[in-house]
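Coordinate inspection notes
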Amino acid sequence: MTKKQTYSIGELAREFDVTTRTIRFYEDQGLVSPERQGQTRIYSPADRVTLKLILRGKRLGFSLAESKELIGMYQPQSDNRHQLLALQSKIQQRREQLEQQLRDIHALQQELDDAEQRCVDAMNDLER
């Protein structure tokens, strides 16, 4: 009989480069549910995968609610097509947001260029 792999909060914090407080926050949000041995939290491989998915979602710009929704759709006995379609939709939404932000940044850069040129022109007029 092999012992089931488990993780401490410190091990997971180091592995994912987050604070133990962050992991406890995810626990408070109901995303991970470690077993307890006294005051010690014992995390399962499923908790580890959940943390990995949450942090990946965060890097992709998903809200915690969006990550929670996607993770909650997982059903081990199915092909998870609905989860994959939902993820694909979230990715497209995020891509559209980023494209809009990029357009906004370009517009702001142009406004800054124009304002800077007006300053240069005004300084040149003062020197005449």
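Not measured: the values here are computed from a predicted model.

Details of the overall build of the protein
- A count of helical and extended segments in the protein gives five helices and two strands.
- Start at the N end of the protein and walk to the C end: the helices and strands fall as α-α-β-β-α-α-α.
- Its C-alpha atoms give the protein a radius of gyration of 24 Å, more than 25% over the compact-globule value 14 Å for 128 residues.
- If you line up the protein on its principal axes, its C-alpha atoms span 90 × 35 × 25 Å.
- In the protein, of all internal contacts separated by at least 6 residues, the share reaching a separation of at least 24 is 45%.
- For the protein, the computed accessible surface area is about 9,900 Å², with 51% contributed by carbon and sulfur atoms.
- Counting 20 positive and 20 negative side-chain charges, the protein places the averaged centre of each group 12 Å from the other.

Examining the domain arrangement of the protein
- What the domain assignment reports for the protein is domain 1 (1-74) and domain 2 (80-127).
- Measuring from the centre of the C-alpha atoms in domain 1 to the corresponding centre in domain 2 gives 34 Å.
- Taken together, the contact pairs nine residues of domain 1 with eight residues of domain 2.
- For the pair domain 1 and domain 2, the two sides together bury roughly 790 Å², of which 64% comes from carbon and sulfur.
- For the domain 1 face of the interface with domain 2, the top three residues by lost area are F62, L70 and M73, together amounting to 57%.
- Taken together, the links from domain 1 to domain 2 amount to one salt bridge.
- Of the charged contacts in the structure, one is a salt bridge between K90 and E69, with a shortest N-O distance of 3.5 Å.

Some details on the layout of surface pockets
- When its volume is computed, the largest pocket comes out at roughly 410 Å³.
- Of all elements in the fold, only α3 (45-59), α4 (64-72) and α5 (81-127) reach the threshold of two or more residues within the lining of the largest pocket.
- At six residues, the largest contribution of residues to the lining of the largest pocket is made by α3.
- Across the lining of the largest pocket, the residue classes break down as 10 nonpolar, four polar and one charged.
- Among the domains, domain 1 (1-74) and domain 2 (80-127) are the pair contributing at least three residues each to the lining of the largest pocket.

Details of α3
- Here α3 is 15 residues long and its end C-alpha atoms lie 21 Å apart, about the 21 Å a rise of 1.5 Å per residue gives.
- Those residues of α3 not exposed but buried are D47, T50, L51, I54, L55 and G57. End-on, the buried residues of α3 take up no more than an arc of 155°, which puts them together on one face.
- Where the residues of α3 are buried, they touch α1 (9-16), α2 (20-28) and α4.
- Among the residues trailing α3, G61 stands out with phi positive, at a value near 90°.

Criteria and cut-off values
- Residues numbered from 1 in each chain as written.
- Predicted model: local features only at pLDDT ≥ 70, side-chain atom pairs only at ≥ 80, totals over all residues.
- Heavy atoms only, no water.
- Helix = DSSP H or I, 4+ residues; strand = E, 2+ residues; numbered from the N terminus.
- Rg over C-alpha atoms; globule rule 2.2 N^0.38 Å.
- Contact = heavy atoms within 4.5 Å.
- Areas by Shrake-Rupley, 256 points an atom, 1.4 Å probe, with all protein chains shown as cover.
- Lys, Arg positive; Asp, Glu negative; His and termini not counted.
- Charge placed at Lys NZ, Arg CZ, Asp CG, Glu CD.
- Domains from an automatic or database assignment.
- Buried area = accessible area lost by both parts, 1.4 Å probe.
- Salt bridge = Lys/Arg side-chain N within 4 Å of Asp/Glu carboxyl O.
- 1 Å grid on protein atoms, 1.4 Å probe; cavity = no way out; pocket = protein on both sides within 12 Å on 5 of 7 lines; lining within 4 Å.
- Points joined across faces, edges and corners; volume = space filled by probe spheres on them.
- Nonpolar A, V, L, I, M, F, W, Y, C, P; charged D, E, K, R; others polar.
- Expected span 1.5 Å × (residues − 1).
- Buried < 20%, exposed > 50% of the residue type's maximum accessible area, 1.4 Å probe, protein only.
- Arc of directions from axis to C-beta.

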